[in-house]
Amino acid sequence: MTDDVSQYSAEELEQIRGAVAAEESPLCPRCNVIMTSRAIGGGSFGLGYARRRDWLICPKCRRSALYDIKRGTRN
Ligand SMILES: [Zn+2]
């Protein structure tokens, strides 16, 4: 049974998240192309917490990943 439709492995998700957290352009680990990033939310409704949601889509394989990125807390 092949179940590889539109999903990254946990390892790949970690890779992408690392790039996002570093505010770099994330590459799809499978295709090595820059992923399209869409910010979701970001305070249009005054949500009151410093959070942003990034939705990353690979334009080639169409896999996507959704991350909650905490803003303003850098160590
Ligand atoms: Zn891809």
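See the structure above.
Numbers given for residues are sequential positions, taken from 1 along each chain in its written order. With pLDDT at 70 or above as the cut-off, local features in this predicted model cover only qualifying residues; side-chain atom pairs require 80 or more to be listed or tallied, and sums for whole chains, interfaces and linings still use all residues. Side-chain descriptors were evaluated using all non-hydrogen atoms of the structure, hydrogens and water having been removed beforehand.

1. A look at the nonpolar core
Reasoning step 1: Core analysis: the biggest nonpolar cluster contains 11 residues, these being Tyr-8, Ile-16, Val-20, Cys-28, Cys-31, Met-35, Leu-56, Cys-58, Ala-65, Tyr-67 and Ile-69.
Reasoning step 2: Elements represented by at least two residues in this core include exactly α1 (10-21) and β3 (64-70).
Reasoning step 3: With 3 residues, β3 is the largest single contributor of residues to this core.
Reasoning step 4: In what follows, a contact means two residues having at least one pair of non-hydrogen atoms within 4.5 Å. Excluding anything up to four places from it in sequence, Cys-31 contacts Cys-58, Lys-60 and Cys-61. In plain words, nonpolar cores are sets of buried Ala, Val, Leu, Ile, Met, Phe, Trp, Tyr and Cys residues tied together by side-chain atoms within 4.5 Å. The buried label goes to any residue with under 20% of its type's maximum accessible area, the exposed label to any with over 50%, and the partly exposed label to all in between, with areas taken from a 1.4 Å probe on protein chains only. Put simply, DSSP H or I for four residues or longer makes a helix, DSSP E for two residues or longer makes a strand, and each gets a number counted from the N terminus.

2. Some points on the side chain of Arg-63
Reasoning step 1: Summarising the element assignment, Arg-63 is placed in the loop between β2 (51-57) and β3.
Reasoning step 2: Take Arg-63: its relative accessible area is 10%, and that puts it in the buried class.
Reasoning step 3: Engagement of the side chain of Arg-63 in a polar contact is seen with the backbone oxygen of Gln-7, the distance being 3.0 Å. In the analysis that follows, any N or O atom pair within 3.5 Å is treated as a polar contact, provided that within protein one partner can donate a hydrogen and the other can accept it, and provided that, for residues neighboring in sequence, both atoms belong to side chains.

3. Observations concerning the pattern of salt bridges
In a structure, side chains of opposite charge can pair up when their charged atoms sit close to one another.
Reasoning step 1: Salt bridges are counted wherever a side-chain nitrogen of Lys or Arg sits within 4 Å of a carboxyl oxygen of Asp or Glu. Using the criterion set out here, one finds 2 salt bridges in the structure.
Reasoning step 2: Residue Arg-30 pairs with Glu-12 through a salt bridge whose shortest N-O separation is 2.9 Å. With Arg-30 in the loop between α1 and β1 (36-40) and Glu-12 in helix α1, this residue pair connects regions lying 18 residues apart in the sequence.
Reasoning step 3: Residue Glu-14 pairs with Arg-17 through a salt bridge whose shortest N-O separation is 2.9 Å. Taken as a pair, Glu-14 and Arg-17 lie in helix α1 at a separation of 3 residues, close to a single helical turn.
Reasoning step 4: Glu-14 gets classed as partly exposed once you look at its relative accessible area, which sits at 46%.

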